[in-house]
Amino acid sequence: MNHFEVLNGELACEVVPLRAIAEAVGTPVYVYSTATLERHYTVLRDALVAEGLGNPLIAYAVKANSNVAVLRTLGNLGAGADTVSVGEIKRALAAGISPDRIVFSGVGKTEAELAFALDVGVGEINVESEPEMRLASTVAQAKGTRATIAIRVNPDVSAGGHAKISTGKSDNKFGVSFSEAERLYAQASNNAGLKPVGVTCHIGSQITELAPLEQAFTKMRGLVERLRAEGLSVERLDLGGGLGVPYFNMPTPATPADYAAMIARTFKGMDVQFAFEPGRVIAANAGVLLATVQHIHERPEGRKFAVLDAAMNDLIRPAMYDAWHDIRPIKARTGASVTYDVVGPICETGDTFTRDREMQALQAGDLVAFMSAGAYGAVMSSEYNSRLLVPEVLVKGDQFAVVRPRPTYQDMLDRERSAPWL
Ligand SMILES: *Cc1c(COP(=O)(O)O)cnc(C)c1O
């Protein structure tokens, strides 16, 4: 459920009309709903707690939407943060999330990144390979400390809505095999620079069925049992993220309640501290990208293009993952529907949000909202074509705040320098 509904004849975010935000901030602009972020976090946490999974660490995956105001909203509810770079760790800290609730993931952590993570005291470093584990140990020993690590396993199951977001097959770059995990865990337990506390997996994103997750988790249970049988201590089990959300025209995902029940079933009788790294399921439906129709361009042979002021640099999911977003006009108009290609102004054919979409007739000046754009939206935006970085607005009830202003063209130019010979 989300808090984007029609109010007084026009689409609103909570009780703020999207038109009011467009008038105050301009378009394109991302708009996030506090109530929806809070609801998604709470529904997931309550489902896990109701299934008797203790007091799990829910480390929100910062990469889905890393705006510090969004992180603070979730941090205030008790969320931790799953991070993949120094920048993301800094964002989580800036949002007031305590370091012991920060997980540091990612396949290629550098020496400097590991040193930073150890200095700030992140709660768990997920190591993804033997060389990375060795580097973590070296960096920790140089500082006279131990790195608290979990070993990321690649469970070799396929899952995820698209090949580019599937991470759990053995030919993906993520994690180590089960046999390697056993060997590395034992090695880490005897290493002066390492403190292994658990194991982790994350098999992909936009997973709508529970079967691949259940298959992976059953294998993870076996791993924990084998490690413990060898006398090794395994306190934590981090099950990653990946739960899908309903997108327009896409399969309906499993609910958080079904997900939690499956986990309780899979790990019945196992005493372990659970951690999760949900991103999309928290943020996707908590945000929209608001855009204005510039004009309708009609070809003589009949194809109609609705040209927006938003482009692939603002929302790249359709170009990168063939993603489908529901595109809702802010104001409903009666009359026959029309088939449009909805496109941006960038000089690439890939700058097409959708083709042959049947929707209500559009006119220049209409506002439209790309629904489910709160995750992997603004975080992937760029200045391609020297378009200004898209701003972000956070709504709470009847208030809204610009939480990332639109830069000026001067800001954009000021970031660059000439070369001495020019
Ligand atoms: C991307 C990622 C997540 C979040 O995935 P979602 O599909 O957004 O839930 C969690 N953990 C890791 C390691 C990731 O790379």
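Source: prediction; values computed, not measured.

Reading the values: rules and limits
- Residues numbered from 1 in each chain as written.
- Predicted model: local features only at pLDDT ≥ 70, side-chain atom pairs only at ≥ 80, totals over all residues.
- Heavy atoms only, no water.
- Buried < 20%, exposed > 50% of the residue type's maximum accessible area, 1.4 Å probe, protein only.
- Helix = DSSP H or I, 4+ residues; strand = E, 2+ residues; numbered from the N terminus.
- Pairing = 2+ DSSP bridges.
- Domains from an automatic or database assignment.
- Contact = heavy atoms within 4.5 Å.
- Buried area = accessible area lost by both parts, 1.4 Å probe.
- Salt bridge = Lys/Arg side-chain N within 4 Å of Asp/Glu carboxyl O.
- Polar contact = N/O pair within 3.5 Å; in protein donor to acceptor, adjacent residues only side chain to side chain.
- Nonpolar A, V, L, I, M, F, W, Y, C, P; charged D, E, K, R; others polar.
- Near = heavy atom within 4 Å.
- Areas by Shrake-Rupley, 256 points an atom, 1.4 Å probe, with all protein chains shown as cover.
- Core = buried A, V, L, I, M, F, W, Y, C linked by side-chain atoms within 4.5 Å.
- Phe/Tyr/Trp six-rings, centres within 6.5 Å; stacked < 30°, edge-to-face > 60°.
- Lys NZ or Arg CZ within 6 Å of the ring centre and 35° of its normal.
- Axes fitted to C-alpha atoms, helices over the stretch in contact; angles between N-to-C directions.
- Parallel < 35°, antiparallel > 145°, perpendicular 65-115°, else oblique.
- Left-handed = near helix turned anticlockwise from the far one by under 90°.
- Arc of directions from axis to C-beta.

Visitor: I would appreciate a short explanation of the pairing of strand E18 (residues 367–370) in the present structure.
Guide: Consecutive side chains along a regular strand alternate between the two faces of the sheet. Of the two faces of E18, the one lined by Leu 367 and Ala 369 and the one lined by Val 368 and Phe 370 are each fully buried. Across four bridges, strand E13 (residues 287–298) lies against E18 in antiparallel orientation. What sits directly across from Leu 290, in E18, is Ala 369. The sheet contact formed by strand E15 (residues 327–329) and E18 spans three bridges and is antiparallel. Its bridge partner lying in E18, Pro 329 is registered against Val 368.

Visitor: Quick question: what am I supposed to make of the domain arrangement of the protein chain here?
Guide: Often, the extent of an interface is quoted as the loss of accessible area upon association of its parts. The domains assigned to the protein chain are domain 1 (4–32 + 284–414) and domain 2 (34–283). One C-alpha centre belongs to domain 1, the other to domain 2; they are set 32 Å apart. Taken together, the contact pairs 26 residues of domain 1 with 26 residues of domain 2. Buried area between domain 1 and domain 2, summed over both chains or domains, comes out near 2,200 Å², and the portion from carbon and sulfur atoms is 57%. Applying the counting rule to domain 1 against domain 2 returns zero salt bridges. At the junction of domain 1 with domain 2, the criterion picks out twelve residue pairs in polar contact (both at pLDDT 80 or more). Put simply, the parts of the chain that give the side of domain 1 that touches domain 2 at least two residues each are helix H11 (317–321), strand E19 (392–396) and strand E20 (399–404). Broken down by element, the side of domain 1 that touches domain 2 gets its largest block of residues, four residues, from E19. Taken together, the residues of the side of domain 1 that touches domain 2 sort by class into twelve nonpolar, six polar and eight charged.

Visitor: Explanation requested: the pattern of salt bridges in the structure shown.
Guide: A side chain with one charge can pair with a side chain of the opposite charge if their charged atoms come near. All chains considered together, the criterion is met by 19 salt bridges. We note a salt bridge from Lys 109 to Glu 132, for which the minimum N-O separation is 3.0 Å. Here Lys 109 is found in the loop between strand E7 (102–104) and helix H5 (111–120), whereas its partner Glu 132 is found in helix H6 (residues 130–142), with 23 residues between them in sequence. Among the salt bridges present, the one from Arg 134 reaches Glu 130, with a minimum N-O distance of 3.9 Å. Highlighted residues: Arg 134 and Glu 130, both in helix H6, separated by four residues, approximately one helical turn.

Visitor: Can you walk me through the site of the ligand in this structure?
Guide: Lining the immediate environment of the ligand, one finds 14 residues, of which Lys 63, Ser 205, Glu 277, Arg 280 and Tyr 376 sit closest. At 3.2 Å, a side-chain N or O of Asp 82 approaches a nitrogen atom of the ligand. Contact distances for the ligand include 2.3 Å between an oxygen atom and a side-chain N or O atom of Ser 205. In isolation the ligand has 390 Å² of accessible area, and contact with the protein removes 93% of it. Of the residues that constitute the shell around the ligand, the class distribution is three nonpolar, six polar and five charged.

Visitor: Would you mind going over the nonpolar core with me for this structure?
Guide: Most often, soluble globular proteins keep nonpolar side chains buried together rather than apart. Grouped together as the largest cluster of nonpolar side chains are 106 residues, with contacts concentrated most on Ile 125, Phe 217, Tyr 259 and Ile 263. Looking at this core element by element, the count peaks at eight residues for helix H8 (residues 210–229). Val 288, Ile 330, Leu 367 and Val 395 belong to the second-largest nonpolar core, a separate cluster that totals 18 residues.

Visitor: How should the sheet that holds strand E1 (residues 4–7) be read in this particular structure?
Guide: The strands that make up a sheet are held in pairs by hydrogen bonds between backbone atoms, and each pair lies either parallel or antiparallel. The strand order E1-E2-E3 describes an open sheet built from three strands, whose pairing is antiparallel. Where the open sheet ends on each side, the last strands, each with one partner, are E1 and strand E3 (16–17). Both strand E2 (residues 10–13) and E3 contribute to a ladder of two bridges, which runs antiparallel. Along E3, the bridge assignment pairs Cys 13 with Val 16.

Visitor: What should I look at first to understand the packing of aromatic side chains in this one?
Guide: Aromatic rings in a pair are described by how distant their centres are and how their planes are angled relative to each other. Under the counting rule described, the total for this entry stands at six aromatic pairs. Note on Phe 267 and Phe 274: the rings are 5.5 Å apart at their centroids and 65° apart in plane angle, and the pair reads as edge-to-face. Ring-pair connections join several aromatic residues into one group, and the members of that group are Phe 217, Tyr 259, Phe 267, Phe 274 and Phe 276. The ring of Phe 104 has Lys 109 sitting right over it, with the charged end atom 5.6 Å from the ring centre.

Visitor: Sorry if this is basic, but what is going on with the packing of helix H3 (residues 68–75) against helix H4 (residues 86–94) here?
Guide: A pair of packed helices can be characterised by two numbers: the angle between their axes and the separation between those axes. For the pair H3 and H4, interaxial distance at closest approach is 8 Å and the crossing angle is 55°. It follows that H3 is oblique to H4 by the angle criterion. Like other packed secondary-structure pairs, H3 and H4 cross with a definite hand, here right-handed. Residues Val 68, Leu 71 and Arg 72 of H3 touch H4, and the partners they reach there are Arg 91, Ala 92 and Ala 94. Tallied by class, the residues present in the contact of H3 with H4 amount to four nonpolar, no polar and two charged.

Visitor: Please clarify how H4 should be interpreted in this entry.
Guide: Inspection of H4 places Val 86, Glu 88, Ile 89 and Ala 92 among the buried residues, and these make up the whole buried set. Taken around the axis of H4, the buried residues stretch over an arc of 160°, which confines them to a single face. For H4, the secondary structure elements touched by its buried residues are H3, strand E6 (80–83), E7 and H5. Downstream of H4 by one or two residues, Gly 96 has phi in the positive range, about 85°.

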